[in-house]
Amino acid sequence: SHQVCRVRIRGMTCTSCANAIESTLLGIHGVKKAQVALATEEAEINYDPNLVSYSELLKAVEDSGFEAVLIT
Ligand code: 9UX
């Protein structure tokens with residue numbers, strides 16, 4: 001079963017940044033959907049926690065060169 005989580009992403013300056021992060025997230029095994037919004041600095045990710053952990057999603061964002069922050 002899947003879960004939806006949100007991540008705040010700092011450092012995006014253009015639409016290509018947002019698209020690149022979406023592609024990175026969608027390339028991860030266990031990620032079903034990913035939408036990154038430049039305006040709100042938020043990503044909404046639908047994922048299977050049995051296949052990929054929340055912290056791995058944060059790490060993938062960080063590894064692509066942006067800062068990922070937990071939204072509480
Ligand atoms: Mo273009 Mo967005 O190099 O950082 S992808 S500004």
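Quick caveat, the model's predicted, so the values are computed rather than measured.

**Q** How should I be thinking about the environment of valine 69 in this particular structure?
**A** Relative to the helices and strands, valine 69 is located in strand β4 (residues 67–70). Apart from residues lying up to four places away in sequence, valine 69 is in contact with Val7, Arg8 and Arg10.

**Q** For this particular structure, what's the right way to read unusual backbone geometry?
**A** Across residues other than glycine, the phi torsion is negative in most instances, and most of the peptide bonds are trans. Its identity is not glycine, yet glutamate 41 carries a phi of approximately 55°, on the positive side. Within the secondary structure layout, glutamate 41 lies in the loop between β2 (31–37) and β3 (42–47).

**Q** Would you take a moment to explain the pattern of salt bridges for this structure?
**A** One side chain can pair with another of opposite charge once the charged atoms of both are near each other. Summed over the entire model, instances satisfying the criterion amount to five salt bridges. The shortest N-O distance in the salt bridge between glutamate 42 and arginine 6 comes to 3.0 Å. Remark: arginine 6 occurs in strand β1 (residues 3–10) and glutamate 42 occurs in strand β3; sequence separation between them is 36 residues. When the shortest N-O distance is used, the salt bridge between aspartate 63 and lysine 59 registers 2.8 Å. With aspartate 63 and lysine 59 both in helix α2 (residues 54–63) and four residues apart, the pair spans about one turn of that helix. Taken as a pair, aspartate 63 and lysine 59 share a single burial class, namely exposed. Among the charged side chains, a network of salt bridges with common partners joins Arg6, Arg8, Glu42 and Glu44.

What counts as what
Residues numbered from 1 in each chain as written. Predicted model: local features only at pLDDT ≥ 70, side-chain atom pairs only at ≥ 80, totals over all residues. Heavy atoms only, no water. Helix = DSSP H or I, 4+ residues; strand = E, 2+ residues; numbered from the N terminus. Contact = heavy atoms within 4.5 Å. Salt bridge = Lys/Arg side-chain N within 4 Å of Asp/Glu carboxyl O. Buried < 20%, exposed > 50% of the residue type's maximum accessible area, 1.4 Å probe, protein only.

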